[in-house]
Amino acid sequence: MVGSNLRDLVDEEIVTKMSKVAGIGLVSGSVWGALVSALHDVSQVGNFKHPVPDLFRAGKVCGNYAASFAVLGATYVGIEQALEKYRGKKDFVNGAVAGFASGAAVMGYRVGSSRTAFLSGSAIALTSVLLDVTGMKTTDEEEKDHH
């Protein structure tokens, strides 16, 4: 690899898609984390005796969800796109492998349980297969089909 350029090894389209999904994951995870934080302790919603610790707790919950959504989404898209490029096929197998790998790696690592890793990987893989088999498409895929 002496004299080789690192840019030649990285597909810019995959990096761009991963960045977009990570950004969407950060935003949606923050919103979901805020909702979970607000509904977690319903009895304390009107209690303003200790607003700063509650605010820090809410921020931590939002940050955890945002980071999880971003990493999970970016990992899924990166694996799926890399498999598509490597295999030369766009089928449900790419999504199933990416779903299982990203779910197992991210959620299993976060929780630290092999059972959770297997179940979350299986759930994301099943969801991906169902979406692929039923023909649901993203707006990017729909635009490519029309051109």
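You'll find the structure just up there.
In short, a report on the structure. The shown structure was predicted, so the numbers you read here are calculated from the model rather than taken from an experiment.

## Some remarks on the overall build of the protein chain
- Helix and strand content of the protein chain: 6 helices and 0 strands.
- Seen in sequence order, the protein chain has helices and strands lined up from the N terminus as α-α-α-α-α-α.
- Taking all 147 residues of the protein chain together, the buried fraction comes to 22%.
- If you take every contact in the protein chain between residues at least 6 apart in sequence, the share linking residues at least 24 apart comes to 60%.
- Total accessible area on the protein chain is roughly 10300 Å²; 67% of this is exposed by carbon and sulfur atoms.

## Quick look at a nonpolar patch on the surface
- A contiguous nonpolar patch, built from Trp-32, Leu-35, Leu-39 and Phe-69 and spanning about 390 Å² of accessible area, is present on the exposed surface.
- Tallying contributions element by element places helix H2 (residues 12–40) first for the nonpolar patch, with 3 residues.
- By the secondary structure assignment, Phe-69 is in helix H3 (residues 51–87).

## Regarding helix H5 (residues 114–134)
- Look at H5: 30 Å from first C-alpha to last across 21 residues, which is about the 30 Å you get at 1.5 Å a residue.
- Where H5 is concerned, the buried positions are Ala-117, Ser-120, Gly-121, Ala-125 and Ser-128. Seen along its axis, H5 keeps its buried residues to an arc of 130 degrees; they face one direction. Of the residues in H5, the exposed ones pointing more than 90 degrees away from the buried face are Arg-115, Leu-126, Val-133 and Thr-134.
- For H5, the side-chain oxygen to backbone nitrogen distance between the N-cap and Arg-115 is 3.3 Å, and the N-cap itself is Ser-113.

Procedures and definitions
Residues numbered from 1 in each chain as written. Predicted model: local features only at pLDDT ≥ 70, side-chain atom pairs only at ≥ 80, totals over all residues. Heavy atoms only, no water. Helix = DSSP H or I, 4+ residues; strand = E, 2+ residues; numbered from the N terminus. Buried < 20%, exposed > 50% of the residue type's maximum accessible area, 1.4 Å probe, protein only. Contact = heavy atoms within 4.5 Å. Areas by Shrake-Rupley, 256 points an atom, 1.4 Å probe, with all protein chains shown as cover. Patch = residues over 30% accessible without salt bridge, like charges linked within 9 Å, V, L, I, M, F, W, Y side chains within 5 Å. Salt bridge = Lys/Arg side-chain N within 4 Å of Asp/Glu carboxyl O. Expected span 1.5 Å × (residues − 1). Arc of directions from axis to C-beta. Polar contact = N/O pair within 3.5 Å; in protein donor to acceptor, adjacent residues only side chain to side chain.

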